[in-house]
Amino acid sequence: MLSVRATDYLETIYLLSLRHDTVGISQVAAQRDVTIPTARSGVIRLKRNGLVRQERYGKVVLTEEGRLQAAEIYRTHTLLFRFLHDTLGVERERADTEACRLEHDLSADTVARLVEFMEKDR
């Protein structure tokens, strides 16, 4: 089980990899609003869990398992954001922040029920 911080780093790397061919530590640091050494520590934790690969001072690449986990984290975040913003009318920035908080604490069962509910809404 990943920590909240590690999950956030994994999601950040995933989103950056969707927009850029390669992802560097400085990009991760800028996106997370942390120092480069702090971002490097986050990436090292993901590397130990087999979720990213990175050569010394090289670009960060998600492993297949990392990509799968990150995609699921992002899917859950997006679903929660849609529920908060589109369904409940929570202001965009606040909905994004609160979706990030919720994505870490909801059980898989609750997320599955929310998916079912949101699919009915379409």
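What comes next concerns the included structure.

Criteria and cut-off values
- Just so you know, the residues in each chain are numbered from 1, in the order the chain's sequence is written.
- This being a predicted model, a pLDDT of at least 70 is required before a residue's local features are given, and a value of 80 or more before pairs of side-chain atoms are given or counted; all residues contribute to the totals for chains, interfaces and linings.
- No hydrogens and no water enter the side-chain calculation; it runs on all heavy atoms of the structure.
- Working definition: helices are DSSP H or I runs of at least four residues, strands are E runs of at least two. Numbering for both runs from the N terminus.
- Restricting the calculation to C-alpha atoms gives the radius of gyration, and the globule rule supplies 2.2 Å times the number of residues raised to the power 0.38.
- Using a 1.4 Å probe on the protein chains alone, a residue whose accessible area is under 20% of its type maximum counts as buried, one over 50% counts as exposed, and one in between counts as partly exposed.
- Two residues form a contact once any of their heavy atoms are found within 4.5 Å.
- Using a 1.4 Å probe, the Shrake-Rupley method yields the accessible areas, and only the shown protein chains count as cover for residues.
- We score Asp and Glu as negative and Lys and Arg as positive, and we do not count His or the chain ends.
- The location of each charge is read from NZ of Lys, CZ of Arg, CG of Asp or CD of Glu.
- One fewer than the residue count of a helix, multiplied by 1.5 Å, yields its expected span.

1. Some remarks on the overall build of the chain
Working step 1: Regarding its fold elements, the chain presents six helices and two strands.
Working step 2: Starting at the N terminus and ending at the C terminus, the chain contains elements arranged as α-α-α-β-β-α-α-α.
Working step 3: Its C-alpha atoms give the chain a radius of gyration of 15 Å, near enough to 14 Å, the size a compact globule of 122 residues would have.
Working step 4: With respect to the three principal axes, the spread of C-alpha positions in the chain is 45 × 25 × 25 Å.
Working step 5: A total of 122 residues make up the chain; the buried ones form 35% of that total.
Working step 6: Across the chain, the fraction of contacts at a sequence separation of at least 24, relative to all contacts at a separation of at least 6, is 51%.
Working step 7: Accessible area for the chain stands at about 7800 Å²; split by element, carbon and sulfur atoms hold 50% of it.
Working step 8: The averaged location of the 19 negative side-chain charges in the chain is 7 Å from the averaged location of its 19 positive side-chain charges.

2. Things to note about helix α1 (residues 4-19)
Working step 1: Taking 1.5 Å per residue as the helical rise, α1 with its 16 residues ought to reach 22 Å, and the 23 Å between its terminal C-alpha atoms agrees with that figure.
Working step 2: Of all the residues in α1, the buried ones are Ala 6, Thr 7, Asp 8, Tyr 9, Leu 10, Glu 11, Thr 12, Ile 13, Tyr 14 and Leu 16.
Working step 3: Of the surrounding secondary structure, the elements contacted by the buried residues of α1 are α2 (25-32), α3 (36-48), β1 (52-53), β2 (61-62), α4 (64-87) and α5 (92-105).

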